[in-house]
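Fold and contact review
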Amino acid sequence: QQEQVKAQQNQVELVLIERISNILENSWGRSDLNSILSTLHANDSRVIAILSTAEALRALVARHPQRIQLGRDPTMGAEMAALRLTNSQWQAHQAQAAQAQ
């Protein structure tokens with residue numbers, strides 16, 4: 001049962017990363033964490049319970065560095081997320097990895 005809970009958590013995390021990637025794709029590939037968090041909350045109120053703070057969002061994104069890069073914008077002084085791979089690029093990458101096995 002613990003493995004099932006872990007699998008569900010992983011699935012929720014992947015859905016959130018896809019949503020964050022979509023937000024970044026629609027904002028020229030980069031955005032500040034607070035804007036991303038606000039958009040996630042506005043699009044689906046269920047996200048508020050899962051990702052309530054920018055720190056929680058930062059931790060989630062940090063677990064997926066191959067897809068999204070964290071950094072600081074010196075002009076705005078804000079912590080930013082930058083898209084490394086779009087969702088379609090990620091899916092192609094995963095398909096290639098699966099074929100290689």
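Residues numbered from 1 in each chain as written. Predicted model: local features only at pLDDT ≥ 70, side-chain atom pairs only at ≥ 80, totals over all residues. Heavy atoms only, no water.

Let's shift gears to the pairing of strand β2 (residues 68–73). Sheet topology note: the β2/strand β3 (residues 78–83) ladder contains six bridges and is antiparallel. Note on β3: the bridge partner recorded for Ile68 is Leu83. In sequence, β2 turns back onto β3 through a hairpin of four residues, with Gly77 there showing a positive phi of about 70°. (Pairing = 2+ DSSP bridges. Helix = DSSP H or I, 4+ residues; strand = E, 2+ residues; numbered from the N terminus.)

This brings us to the pairing of β3. As judged from the three bridges shared by strand β1 (residues 30–32) and β3, these two strands associate in the antiparallel manner. Bridge pairing in β3 places Ser31 opposite Ala81.

Packing of helix α1 (residues 2–25) against helix α4 (residues 54–62) brings their axes to within 11 Å, and their N-to-C directions diverge by 100°. In this view, α1 runs roughly perpendicular relative to α4, as classed from their interaxial angle. Contact residues: α1 offers Glu13, Leu16, Ile17 and Ile20, while α4 offers Leu57, Leu60 and Val61. Considering only residue class, the contact of α1 with α4 consists of six nonpolar, no polar and one charged. (Axes fitted to C-alpha atoms, helices over the stretch in contact; angles between N-to-C directions. Parallel < 35°, antiparallel > 145°, perpendicular 65-115°, else oblique. Contact = heavy atoms within 4.5 Å. Nonpolar A, V, L, I, M, F, W, Y, C, P; charged D, E, K, R; others polar.)

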